[in-house]
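# Residue-level structure breakdown
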Amino acid sequence: MSATVLEGKFYAAQIKEGIKKDISVLKNKHGITPGLAVIIVGENPASKVYVASKHRSCEEIGIYSEVIELPADVSKEILLAKIAQLNNNDQIHGILVQLPLPDHIKENEAEILNSIDPNKDVDGFHPVNVGKLSIGEEHLVPCTPYGCVKMLELAGIDIEGKNAVIIGRSNIVGKPMFNLLLSRNATVTVCHSRSKDLASITKQADILIAAVGKPHFVTSDMVKPGAVVIDVGINRIAEKKLVGDVDFEQVKQVAGAITPVPGGVGLLTIAMLLHNTVKAACLIHNVTITN
Ligand code: GUN
């Protein structure tokens, strides 16, 4: 039997409908246009594509969007000064520094991200927001794991009481995903590169999240029949060929539901960035919204 394919486009459209309504209330009732600033440093081609897509999505939905392009050799001081300016800019409610940073400022990544006002931190990477999530308070939540959980909820997939296994322990995906699933009462296991006998753990999963960054890493022998498989990976294996961390063709024969790459949870990542920008605008202006 073949798995149900969970199409990102379908769920992202539902989320965006809700966001559009909130933006309309913010604009018409409160005179507030939510604003997002994205800082990109250097010329990383993948980052440029992601940032252009974020900018386009903002414009389509009615969020004011600024893309700030800084040269690859920009100093830490100039970058910090730009963030300080944006922290004080009333038109801007969300600030995002696209990662990865160039090598010469990579070691300053924490200092740079921590300089963003936690109420404008639409990536949810600031220690204040990481700490809040870890105590079950969902203030501004990292967009990729948030999108995965939203997709499960919209697809009517119960999380409570399920065995959820996450492959990957990054700060951007694995760790926040752990907290989101735990606070929805799943039993959560996080695996990583040093985990022993990975397949014996992943085969216990009712919900399996792959966030390793290795093409076709998850094969059908690692998946319990009927499991829900969420593929967070985006790996370029040829100039125009993107694949996930899951061997989709194999695993869809075993899983109950599976997300494709491209066209899966990536589309929800952007939807959640728009959501977080509107939420940040509401927090800053002390306005309550519905979504
Ligand atoms: N690079 C890859 N994913 C992300 C993300 O979610 N946020 C930022 N800022 N950079 C990224």
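Look a little higher up for the structure.
Residues numbered from 1 in each chain as written. Predicted model: local features only at pLDDT ≥ 70, side-chain atom pairs only at ≥ 80, totals over all residues. Heavy atoms only, no water.

For the rest of this paragraph, the subject is the site of the ligand. Neighbouring the ligand are Leu-96, Val-97, Gln-98, Leu-99, Asp-123 and Phe-125. Take Gln-98: an N or O atom from its side chain is 3.3 Å from a nitrogen atom of the ligand. Here the residues of the shell around the ligand sort into four nonpolar, one polar and one charged. (Near = heavy atom within 4 Å. Polar contact = N/O pair within 3.5 Å; in protein donor to acceptor, adjacent residues only side chain to side chain. Nonpolar A, V, L, I, M, F, W, Y, C, P; charged D, E, K, R; others polar.)

Our next topic: the packing of helix 1 (residues 8-30) against helix 7 (residues 143-154). Where helix 1 contacts helix 7, the two axes come as close as 10 Å, and the packing angle between them is 95°. In terms of their interaxial angle, helix 1 and helix 7 are classed as roughly perpendicular. Of the residues in helix 7, those touching helix 1 at Gly-8, Tyr-11, Gln-14 and Ile-15 are Lys-150, Met-151 and Leu-154. Split by residue class, the contact of helix 1 with helix 7 holds four nonpolar, two polar and one charged. (Axes fitted to C-alpha atoms, helices over the stretch in contact; angles between N-to-C directions. Helix = DSSP H or I, 4+ residues; strand = E, 2+ residues; numbered from the N terminus. Parallel < 35°, antiparallel > 145°, perpendicular 65-115°, else oblique. Contact = heavy atoms within 4.5 Å.)

On to the nonpolar core, then. In terms of nonpolar packing, the biggest core is built from 54 residues, with Leu-181 and Ile-230 touching the most fellow members. Counting residues per element, this core draws most heavily on helix 11 (residues 266-285), which supplies nine residues. Filtering out sequence-adjacent residues up to four positions away, Leu-181 remains in contact with Val-149, Leu-152, Ile-159, Ala-164, Ile-166, Ala-186, Val-188 and Ile-209. In this structure, Leu-70, Ile-83, Leu-86 and Leu-99 belong to the second largest nonpolar core, which totals 19 residues. (Core = buried A, V, L, I, M, F, W, Y, C linked by side-chain atoms within 4.5 Å. Buried < 20%, exposed > 50% of the residue type's maximum accessible area, 1.4 Å probe, protein only.)

Turning our eyes to something else, we now look at unusual backbone geometry. Residue Pro-100 is reached from Leu-99 by a cis peptide bond, and omega for that bond is 5°. By the element assignment, Pro-100 lies in the loop between strand 4 (94-97) and helix 4 (103-106). In this structure, Pro-262 follows Val-261 across a cis peptide bond, with omega equal to -5°. Along the polypeptide, Pro-262 turns up in the loop between strand 11 (257-258) and helix 11. Of note in this structure, Asn-185 is not a glycine but carries a positive phi near 70°. The backbone phi angle of His-216 is positive, close to 55°, even though this residue is not glycine. Among the structural elements, His-216 can be located in the loop between strand 7 (207-210) and strand 8 (228-231). Residue class for His-216 comes out partly exposed when judged on its relative accessible area of 36%.

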